[in-house]
Amino acid sequence: MKNIFRVLVISLLTLSYTFAQNVDDIVMKAMKDELHRNMKDLNLGELQKPFYIAYTLADIDVSYIGASLGSINSYYSNKLRTQNTTLYTGSYKRANNNYIDANVLYRRSKRFSVPLDVDYKGIRKVFWKTSDEEFKIAAEMYVSKMAAIRNQNLSEFELNTADFSSAPEIKLEKKPYLNKADLNNWKNNAREISSVFKEFEEIYESHVSIYFWTVYIRFINSENSEIMYPLNYITVFITAETLADDGESLFDHVHYIATQEKDLPSLNVLKSEALEMGTMLVKIRNAEVFDDYYTGPVLLEKQAVSEFVIQQVFSGSNSLIGKRKPILQNEQISFMAGERAEENRLELRMNRRIMNRGVTIESYPRKHEYNGINLVGYYPVDAEGVIPNNVVLVENGVLKNFLNSRVPSRNSPKSNGSMRIVIQNKFFGQSIAPGVIHIKTDLSMSENNLKNQLINLAKDEDLDYAIIIRKFEYDVSEHSSNLSSGFNSKHGMTRPLYIYKVNLNDGSETLVRGVDVSGLNIRSLNKISSVSKNEYVYNGIKSFYNSYTRKGFFHGIPVSIIGPESILFTEAEIQQHSGTQKLRPPVVPMPF
């Protein structure tokens, strides 16, 4: 009987694999046939023909569970299929990309529904429509760009640097994930976790949000690359909100992201985290308001260190993200485009020291795990069909490289596979972003010695106290753009949630609220005094926004940061928070 059962299971698995293989064959054939046809036949008079086309098709299976105070308040499970078409006219040397005009700033591409069924004709039809639209836009942009080039006195770099780099042909196939989460079990978990907040009458809002994403990516391009691979993420996001007596909105969160259920904490641990967070939020509500202006040493610990790296070292125009200034239609466009019209200023500092010589930063995008911890930042291939490379970004404080895409920048003529794919709601985007980052230093000391050094640095500057920050607001939280206002300045850190004044005499700590932090950016890595001996592995998300998304927990790119558990900076600025309107507390208290 056991042998019969074993044969039956093997037969079913074989049948399932064969069916999946047939699906892939039909879908990929539809994509390839339409791509080849458009490469051959897209032509409009004297306008430039396409030299490069890429199609991406994403099969997305997403489930969501939302709960509050022990009850499920939202649940859905959807399957959808979405696509993206990239088309460039001209040549690798001079193409329609890397250019901004008014149409680029305000354009919204049409969205075409992709059939979920294995529909050869339906899939071809969608890519036919998108190719036609992208070609007409690209051809017009190319004409506009060439006119802008003729009318401007561009630098030799701008004139002679190619607009797009070629990439080797890639054939890659990784099978989809077959494991499915027990959603009924997770509904019960959400109820139990969210019920923890029933004990806190001071907390006005609390939510547990759990997402399950199973995604299968198919990618082809005119360079004959054919790629199929899965993405799988599970996210747990626990949030709570309240108002202080003076009307300040306060918010806290606990989050986890993993590629497998087994990597998430147990139910008891999640409930304990929720209880601890609720207790902490009440303490923050009752904490003293910071009413000073502080310039001096600041110690970041654990989550605060990793969020600093994500938000500052790998975000903005002055970061380790390679970025070239695009050609602009006219001078007015530069004001309208803002940061999109800027070149990364660090491009001019290549092979120069940009931070403490004790710091080395390396990128390992294909690293699966570290010290037994699975890394969500791992990815096998990037959104442009390039196998990612290990890259030394900073070596002994000296800038050596950037994360970059197939658009050549001042120091990066070829891609190192850093254009990440972003899944969000019904759409997906692309953005240069880190995968797995390892920060190494030779400046380490024990935690106790680190705190003592913080105190000594503050005494040397005749300060009344020192500052420790243990948690920043999570960048992809919806609250970082409303309740707590998020960035306090351009590319500034999100607001600190757990921030303490340290007594210089006895080392005691006093929790404070209503604080903004400034002066913490990539240049701060030149102001490192010491770091802890212990390493901290952080799985998080780098924010990603576009015109189709709003801030939300999974509107971003999974990243993993391996680095010191604590970093002591010799200087940062701490000041009273301004900009958030104080709210009136409820007239009638909570009913329970």
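Residues numbered from 1 in each chain as written. Predicted model: local features only at pLDDT ≥ 70, side-chain atom pairs only at ≥ 80, totals over all residues. Heavy atoms only, no water.

Student: Residues and numbers for the overall build of the protein chain, please.
Tutor: Helix and strand counts for the protein chain come out as nine helices and 27 strands. Since a compact globule built from 592 residues should have a radius of gyration of about 25 Å, the 26 Å found for the protein chain is in line with a globular shape. Considering only C-alpha atoms, the protein chain reaches an extent of 75 × 75 × 50 Å along its principal axes. Per-residue burial over the protein chain gives 56% buried out of 592 residues. Looking at the protein chain alone, contacts between residues at least 24 apart form 78% of all its contacts between residues at least 6 apart. When the accessible surface of the protein chain is totalled, it reaches about 26300 Å², and 49% of it is carbon and sulfur. Looking at the protein chain, you have 69 positive and 68 negative side-chain charges, and the mean spots of the two groups are 7 Å apart. (Helix = DSSP H or I, 4+ residues; strand = E, 2+ residues; numbered from the N terminus. Rg over C-alpha atoms; globule rule 2.2 N^0.38 Å. Buried < 20%, exposed > 50% of the residue type's maximum accessible area, 1.4 Å probe, protein only. Contact = heavy atoms within 4.5 Å. Areas by Shrake-Rupley, 256 points an atom, 1.4 Å probe, with all protein chains shown as cover. Lys, Arg positive; Asp, Glu negative; His and termini not counted. Charge placed at Lys NZ, Arg CZ, Asp CG, Glu CD.)

Student: Tell me about the packing of aromatic side chains, and name the residues and values.
Tutor: What describes a pair of aromatic rings is the distance from one ring centre to the other and the angle between the planes of the rings. Tallied over the entire structure, the rule returns 17 aromatic pairs. With centroids separated by 4.9 Å and ring planes inclined at 65 degrees, the aromatic side chains of Y88 and F164 adopt a geometry described as edge-to-face. Taken together, the residues Y88 in strand β2 (residues 71-89) and F164 in the loop between α4 (156-160) and β4 (171-173) connect sequence positions 76 residues apart. Here Y88 and F164 have matching classes, each one buried. Centroid distance F308 to F569: 5.3 Å. Interplanar angle 65 degrees. Geometry classified as edge-to-face. (Phe/Tyr/Trp six-rings, centres within 6.5 Å; stacked < 30°, edge-to-face > 60°.)

Student: Describe in detail the nonpolar core, supporting the description with residues and values.
Tutor: Ranked by internal contacts, the top residues of the largest apolar core, which has 95 residues, are L300, F314, L320, I361, I469 and I574. Looking at this core element by element, the count peaks at seven residues for strand β1 (residues 50-68). Residues within four places of I361 in sequence aside, it is in contact with V313, F314, L320, M355, V391, V392, L393, V394, I437, H438, I439 and L525. Within the second largest apolar cluster, 34 residues are counted, among which are I193, V236, L250 and A258. (Core = buried A, V, L, I, M, F, W, Y, C linked by side-chain atoms within 4.5 Å.)

Student: I'd love a proper account of helix α7 (residues 303-313), names of residues and values included.
Tutor: Of all the eleven residues making up α7, eleven are buried; the element is thus mostly covered by neighbouring parts of the structure. Along α7, the positions that sit buried rather than exposed are Q303, A304, V305, S306, E307, F308, V309, I310, Q311, Q312 and V313.

Student: Got a sec to walk through the sheet that holds strand β11 (residues 359-363)? Specific residues and values, please.
Tutor: One open sheet accounts for six strands, arranged β15-β14-β11-β18-β26-β25; its pairing is mixed. A strand with exactly one partner marks an edge of an open sheet, and here the two such strands are β15 (398-399) and β25 (535-543). Bridge count between strand β14 (residues 391-395) and β15: two bridges; the pairing is antiparallel. By the bridge assignment, E395 is partnered in β15 with V398. Strands in contact with α7 are β11, β18 (436-441), β25 and β26 (556-564); relative to β25, the strand with the most contacts, it is inclined by about 40 degrees. (Pairing = 2+ DSSP bridges. Axes fitted to C-alpha atoms, helices over the stretch in contact; angles between N-to-C directions.)

Student: Which residues make up the pattern of salt bridges, and what values do they have?
Tutor: Overall, the coordinates contain 30 salt bridges when judged by the stated rule. Residues K40 and D41 are paired through a salt bridge, measuring 3.2 Å at the closest nitrogen-oxygen approach. K40 gets classed as exposed once you look at its relative accessible area, which sits at 63%. Among the salt bridges present, the one from E173 reaches K175, with a minimum N-O distance of 2.5 Å. (Salt bridge = Lys/Arg side-chain N within 4 Å of Asp/Glu carboxyl O.)

Student: Could you give me a rundown of the pairing of β1, with the residues and numbers involved?
Tutor: With 19 of its 19 residues buried, β1 lies for the most part within the structure. Across 18 bridges, the pairing between β1 and β2 is antiparallel. Within β2, the residue paired with I65 across the bridge is Y75. As paired strands, β1 and strand β5 (residues 205-221) are joined by 14 bridges and run antiparallel to one another. The partner of T56 across the bridge, within β5, is F219.

Student: A description of unusual backbone geometry should follow, citing residues and the corresponding values.
Tutor: Notably, K302 is not glycine yet its phi reads approximately 45 degrees, a positive angle. You can see K302 is positioned in the loop between β9 (293-301) and α7.

Student: Let's hear about a positive patch on the surface: which residues, and what values?
Tutor: On the surface, R349, R352, R353 and R357 cluster together into a patch of positive charge. As for its position among the elements, R349 is in the loop between α8 (331-337) and β11. (Patch = residues over 30% accessible without salt bridge, like charges linked within 9 Å, V, L, I, M, F, W, Y side chains within 5 Å.)

Student: Describe the environment of G66, naming the residues involved and giving the relevant values.
Tutor: Here G66 shows up in strand β1. C-alpha of G66 to C-alpha of Y76: the two residues are ten residues apart in sequence and 9.2 Å apart in space. Dropping the residues within four chain positions of it, G66 is found in contact with S71, I72, N73, S74 and V208.

Student: Before we move on, can you summarise the side chain of N416 with the specific residues and values?
Tutor: By secondary structure assignment, the location of N416 is in the loop between β15 and β16 (419-424). Those residues in contact with N416, other than ones at most four positions away along the chain, are P388, N389, V391, N401, F402, L403 and N404.

Student: Explain the packing of helix α5 (residues 183-195) against helix α6 (residues 267-285) to me, using residue names and the numbers behind them.
Tutor: Across the interface, α5 lies against α6 with an axial gap of 9 Å and an inter-helix angle of 30 degrees. It follows that α5 is roughly parallel to α6 by the angle criterion. For the pair α5 and α6, the sense of crossing is right-handed. Residues W186, N189, E192 and I193 of α5 form the contact with α6, whose participating residues are L267, L270, K271 and A274. (Parallel < 35°, antiparallel > 145°, perpendicular 65-115°, else oblique. Left-handed = near helix turned anticlockwise from the far one by under 90°.)

Student: Before we move on, could you go through the confidence of the model for the protein chain and cite the residues and values that matter?
Tutor: Regions with low pLDDT carry predicted coordinates that are not meant to be interpreted in detail. Across the protein chain, the average pLDDT comes to 89, with 90% of residues at 70 or higher. Counted against residues more than four places away or in other chains, residues 546-553, with its pLDDT under 50, gives 29 contacts. (pLDDT = per-residue confidence, 0-100.)

Student: Please provide a residue-by-residue account of the pairing of β11, values included.
Tutor: Consecutive side chains of a regular strand alternate in pointing toward one face of the sheet and then the other. Counting buried positions along β11 gives five out of five residues, so the element sits mostly inside the fold. Burial along β11 is two-sided: the residues V359, I361 and S363 and T360 and E362 are all buried. Of the pairings in the sheet, the one linking β11 to β18 comprises five bridges and is antiparallel in character. Bridge pairing links E362 to H438 in β18. In this structure, β11 lies alongside β14, joined through three bridges in antiparallel fashion. Within the sheet, the bridge partner assigned to E362 lies in β14 and is V392.

Student: Account for the environment of S113, naming residues and giving values.
Tutor: On the secondary structure map, S113 appears in the loop between α2 (102-106) and α3 (120-151). For S113, a relative accessible area of 69% puts it in the exposed group. Along the backbone, S113 and L80 are 33 residues apart, and their C-alpha atoms lie at a distance of 9.2 Å.

Student: Any chance you could break down the environment of E202 for me, citing the residues and the numbers?
Tutor: Inspection of the secondary structure puts E202 in the loop between α5 and β5. Residue E202 is classed as partly exposed on the basis of its relative accessible area of 26%. Measuring from C-alpha to C-alpha, the distance between E202 and S405 comes to 48 Å, with 203 residues separating the pair along the chain.

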